[in-house]
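Inside the fold
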Amino acid sequence: MATFWVENNQRISIKNKDELKLMKKSGEILGFVLYEVEQFIKPGQSTWEIDQFAENLILKLGGETVFKGYHGFPATTCISVNEEVVHGIPKKEKIIKEGDVITVDCGVNYKGLITDSAITVGVGKIDVKLEKLINTAYKALEKGIQTAKPGIRTTEISKAIESVVNKEGYGIVEDLSGHGVGLQLHEDPYILNYYDGEPGPLIKEGMTFAIEPIITLKSNKTKTLSDKWTIITKDNLPAVQVEHTIVITSNGAEILTKRPK
Ligand code: MG
Ligand code: MG
């Protein structure tokens, strides 16, 4: 069973070897599913079709879905298009078209261990401005992961992400953040994408985190639609979210949701 590191009212799980083995398998399935989803996405598809594709593949690979039923969420993936920031609900009537940017966020449960990961993809040819926004999110994610190691505080990850995003002048959505993951979809600690002045808890080997920069083209102000799930930018300009689940190793971090290549 996992042990827990408790600090400042945060209870952070440290997974044992057996749990990490299962989490690796969970991440392998999810990494493969998102890789396949990326190849699958084409103009003219409904977001529902993409969700079905992901769900079928997870089940075929021996995993279970995580998001479906989570606080009543109705689908396997969150699919957020253009101004939708996160938590978009896949729908038959929501058709994607050339030039859209689409974020697919997904979770997999393998024998009780959960991983969480997201990709943002351009549909067909997209504006260079949007390509740059997506690339910056991936760079911020990479920088955050490279920074993570035992003995530092979680805010070092936050600062690393923020520095990449700020350099390009994009917005950082402050109400949404990375988090602990594994035994549950959302565990302590929160890992913000900006520095809020608090030191954050100490990082230890065996902790597992979902790191997820969520950034906007201009303003970081958001609102929630009447479906009570979909969060969109107030200025209706595009936002993107990219995410990996990582495990803290003895001297750094390893990505558990790596794509096959
Ligand atoms: Mg996610
Ligand atoms: Mg997450």
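The model shown is predicted, which means the values in this text are computed figures rather than measured ones. Residue numbers here run from 1 along each chain, matching the order of that chain's written sequence. Chains and ligands are labelled by the order in which they are written, letters from A for the one and numbers from 1 for the other. For a predicted model such as this one, the threshold for reporting local features is a pLDDT of at least 70, and the threshold for listing and counting side-chain atom pairs is 80 or more; totals across whole chains, interfaces and linings nevertheless cover every residue. The side-chain values count all of the structure's non-hydrogen atoms but skip hydrogen atoms and water molecules.

Examining the coordination of the magnesium ion (ligand 1)
For the magnesium ion (ligand 1), the protein coordination sphere consists of D105 (OD), D105 (OD), D116 (OD) and E243 (OE), at 2.0 to 2.5 Å. Mapping the donors of the magnesium ion (ligand 1) onto the primary sequence yields the spacing D-x10-D-x126-E. Taken as a pair, the magnesium ion (ligand 1) and the magnesium ion (ligand 2) lie 3.2 Å from each other and share D116 as a ligand. Within this pair, whereas D105 is found in strand β6 (residues 101-110), its partner E243 is found in the loop between β15 (239-241) and β16 (244-248), the two being separated by 138 residues in sequence. D105 sits in the buried class, given a relative accessible area of 7%. Accessibility here uses a 1.4 Å probe with only protein chains present; expressed as a share of the type maximum, an area under 20% marks a residue as buried, one over 50% as exposed, and anything in between as partly exposed. Using a relative accessible area of 0% as the deciding quantity, one classes E243 as buried. The donor definition counts N, O and S atoms within 2.8 Å of each metal and applies 3.2 Å to Na, K and Ca; water is not among these atoms, so some sites may look incomplete. Starting at the N terminus, helices and strands are each numbered in turn, a helix being any DSSP run of H or I of at least four residues and a strand any DSSP run of E of at least two.

Brief notes about the sheet that holds strand β5 (residues 84-86)
Between any two strands, pairing holds if DSSP finds at least two bridges. With respect to topology, three strands assemble into an open sheet ordered β5-β14-β13, the strand pairing being antiparallel. At either margin of the open sheet sits one strand with a lone partner, and together these are β5 and β13 (222-224). Averaged over all pairs of adjacent strands, the angle between strand axes in this sheet comes to 40°, irrespective of strand direction. Pairing analysis gives two bridges linking β5 to strand β14 (residues 231-233), with the strands arranged antiparallel. Residue E84 lies in a different strand from β14, and its bridge partner there is I232. Think of each axis as a best-fit line through the C-alpha atoms, taken over the contacting stretch in the case of a helix, with angles from 0 to 180 degrees between the N-to-C directions.

Quick word on helix α2 (residues 47-60)
The end-to-end C-alpha distance of α2, which contains 14 residues, comes to 20 Å, matching closely the 20 Å that a straight helix rising 1.5 Å per residue would cover. For α2, the complete set of buried residues consists of T47, I50, D51, A54, E55, L57 and I58. All buried residues of α2 fall inside an arc of 165° around its axis, so they share one side. Here a residue-residue contact requires only that any non-hydrogen atoms of the pair lie within 4.5 Å. In this structure, the buried side of α2 is in contact with α1 (17-40), β3 (64-65), β4 (77-81) and β6. One less than the residue count of a helix, multiplied by 1.5 Å, gives the span that helix is expected to have. The arc in question is traced by the directions running from the helix axis to the C-beta atoms.

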